[in-house]
Amino acid sequence: MTEAARLPVPPPWPHGVDKVVLPEVDSTMSEAARRAAVLDGPAWILAHRQTAARGRRGREWVEPAGNFAATWVGRPRIAATRAALLGFAAALALWEVCALLTRAPERLALKWPNDLLLDGAKLSGILLEAQSAGEQPEFLAVGIGVNLAAAPPVQALEEGALPAIALEPATGVRVTPEALLDHLAPAFAGWSARLEAEGFLPLREAWLARAAGVGQPAVARMPREELRGTIETLDEEGRLILATPKGRRAIAAADILF
Ligand SMILES: O=C(O)CCCC[C@@H]1SC[C@@H]2NC(=O)N[C@@H]21
């Protein structure tokens, strides 16, 4: 029996959410932005190949064949200023699904803001893009890339970045992008519903319980400054609290180097 055959049956697909599967696209983020204006409800857009995939901070996202690339796009029912918290919902959903598929939760960890690590190396990255007009976001796109079949080559990584890892070579678990999406979509719907109903607190607690590097030294690299300190916690807005020699700093956006 292959690993793929032993995957658990996914929960039902979330009600009212569309699924679009494309053989190829420039970027599922761009496709989400193009479709956003005519959306009736939220949708997942999955692509088997992206020709211009992007990562955080304008980086290229290198995606070997067989990896997962999908974007959730919708109009979140939370204020624009809190929409970025859906990134934590996505990271928690992904942690949950990977823990279920690998049966090895102890090998998984979340790295701020929303990377998923396997054995301390980057398995997945999440990118958030929003268009706002007023207090509610017009639409939010949550793009998720997971190294299922292969990690990007070392040359594709930035200096100081964590090494990359892929699910199948590291764990023997073979999962297709569609199968991953069928698990991820309900898990994400669950965490997003919790965020809407209960606020960030339960997500913050769940995230901290699975986080890498809390209590450990880290460098926060920002466009104009680099801060050294110890990772303390996450605040109620999802910012990373770093204890530095000059006091505590709440960081809204940065690359974190351990
Ligand atoms: O830099 C990161 O860690 C975030 C990477 C996000 C990559 C995904 S793949 C699906 C979606 N489409 C893109 O162009 N980027 C995101």
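Quick caveat, the model's predicted, so the values are computed rather than measured.

Asker: I'd love a proper account of the packing of aromatic side chains, names of residues and values included.
Answerer: To describe a pair of aromatic rings, you give the distance between the ring centres and the angle between the ring planes. Under the criterion given, the structure shown has four aromatic pairs. Positioned above the aromatic ring of Trp13 is the side chain of Lys19, whose terminal nitrogen or guanidinium carbon lies 4.7 Å from the ring centre. Lying across the ring of Trp95, Arg210 places its NZ or CZ 4.5 Å from the centre.

Asker: Talk me through the sheet that holds strand S10 (residues 240-244); I want residue IDs and the actual numbers.
Answerer: Taken together, five strands build an open sheet; the order of strands is S11-S10-S9-S8-S12 and the sheet is antiparallel. Lying at the two open borders of the sheet, with one neighbouring strand each, are strand S11 (247-251) and strand S12 (255-257). Neighbour to neighbour, the strand axes of the sheet diverge by 45 degrees on average, direction disregarded. Summarising the sheet, strand S8 (residues 217-221) and S12 pair through three bridges and their orientation is antiparallel.

Asker: So, the confidence of the model for the protein chain: which residues are in play, and what are the values?
Answerer: When pLDDT is averaged along the protein chain, the result is 93; 96% of the residues meet or exceed 70. Taken together, the stretch residues 1-5 has pLDDT below 50 and engages in five contacts with residues farther than four places along the chain or on a different chain. Per the prediction output, this complex has pTM 0.94; the corresponding ipTM is 0.99.

Asker: Can you break down the nonpolar core residue by residue, with the values?
Answerer: Counting 63 residues, the largest nonpolar core has Trp44, Phe68, Trp112, Ile144, Phe188 and Ile251 as the members making the most contacts within it. Element by element, the count of residues in this core is highest for helix H2 (residues 86-102), at 13 residues. Both of domain 1 (4-209) and domain 2 (217-257) provide at least three residues apiece to this core. In contact with Phe68, other than residues within four places in its own chain, are Leu46, Ile144, Gly145, Val146, Leu148, Pro177, Leu180, Leu181 and Leu184. One finds Ala32, Ala36, Ala43 and Ala141 within the second-largest nonpolar core, a separate group that totals 14 residues.

Asker: Can you tell me about the pairing of strand S1 (residues 18-22), naming the residues and giving the values?
Answerer: In terms of strand pairing, S1 meets strand S2 (residues 43-47) through five bridges, oriented parallel. The residue bridging Leu22 from the neighbouring strand is Ala47, located in S2. Viewed along the sheet, the connection from S1 through helix H1 (residues 28-36) into S2 turns out right-handed.

Asker: Go over helix H4 (residues 177-198) with me, naming the residues and quoting the values.
Answerer: For H4, which comprises 22 residues, the first-to-last C-alpha distance of 31 Å matches the rise-based estimate of 32 Å (1.5 Å per residue) to within 8%. Regarding H4, the residues found buried are Pro177, Leu180, Leu181, His183, Leu184, Ala185, Pro186, Ala187, Phe188, Trp191, Ser192 and Leu195. Phi turns positive one or two residues past the end of H4, at Gly199, with a value near 85 degrees.

Asker: A description of the domain arrangement of the protein chain should follow, citing residues and the corresponding values.
Answerer: Its domain assignment divides the protein chain into domain 1 (4-209) and domain 2 (217-257). Each of domain 1 and domain 2 has a C-alpha centre, and these two points are 23 Å apart. Summed over both sides, the interface between domain 1 and domain 2 buries roughly 1,200 Å², with carbon and sulfur atoms accounting for 53% of that surface. When the buried surface of domain 1 facing domain 2 is broken down by residue, Arg57, Trp112 and Arg204 rank first, second and third, together holding 50% of it. One can count three salt bridges joining domain 1 with domain 2. Linking domain 1 with domain 2 are seven residue pairs in polar contact (both at pLDDT 80 or more). Looking at the side of domain 1 that touches domain 2, the element that brings in the most residues is helix H5 (residues 201-209), giving three residues.

Asker: An account of the pattern of salt bridges is needed here, citing residue identities and associated values.
Answerer: The final tally for this structure, using the stated rule, is 20 salt bridges. Residue Arg35 pairs with Glu31 through a salt bridge whose shortest N-O separation is 2.6 Å. Of the two residues, Arg35 and Glu31 both sit in helix H1, four residues apart, roughly one turn of that helix. Since its relative accessible area comes to 11%, Glu31 is described here as buried. Linked through salt bridges whose partners overlap, the residues forming this network are Asp26, Glu31, Arg34 and Arg35.

Asker: So what's going on with the packing of H4 against H5? Which residues, and what values?
Answerer: Look at H4 against H5: their axes get within 8 Å of each other, and the N-to-C directions meet at 130 degrees. Classified by the angle their axes make, H4 and H5 are oblique. Across the interface between the two elements, Trp191, Arg194, Leu195 and Glu198 of H4 pack against Pro202, Leu203 and Ala206 of H5. Its residues assigned to classes, the contact of H4 with H5 shows five nonpolar, no polar and two charged.

What counts, and where the lines are drawn
- Residues numbered from 1 in each chain as written.
- Predicted model: local features only at pLDDT ≥ 70, side-chain atom pairs only at ≥ 80, totals over all residues.
- Heavy atoms only, no water.
- Phe/Tyr/Trp six-rings, centres within 6.5 Å; stacked < 30°, edge-to-face > 60°.
- Lys NZ or Arg CZ within 6 Å of the ring centre and 35° of its normal.
- Pairing = 2+ DSSP bridges.
- Helix = DSSP H or I, 4+ residues; strand = E, 2+ residues; numbered from the N terminus.
- Axes fitted to C-alpha atoms, helices over the stretch in contact; angles between N-to-C directions.
- pLDDT = per-residue confidence, 0-100.
- Contact = heavy atoms within 4.5 Å.
- Core = buried A, V, L, I, M, F, W, Y, C linked by side-chain atoms within 4.5 Å.
- Buried < 20%, exposed > 50% of the residue type's maximum accessible area, 1.4 Å probe, protein only.
- Domains from an automatic or database assignment.
- Right-handed = clockwise from strand over helix to strand, strands pointing away.
- Expected span 1.5 Å × (residues − 1).
- Buried area = accessible area lost by both parts, 1.4 Å probe.
- Salt bridge = Lys/Arg side-chain N within 4 Å of Asp/Glu carboxyl O.
- Polar contact = N/O pair within 3.5 Å; in protein donor to acceptor, adjacent residues only side chain to side chain.
- Parallel < 35°, antiparallel > 145°, perpendicular 65-115°, else oblique.
- Nonpolar A, V, L, I, M, F, W, Y, C, P; charged D, E, K, R; others polar.

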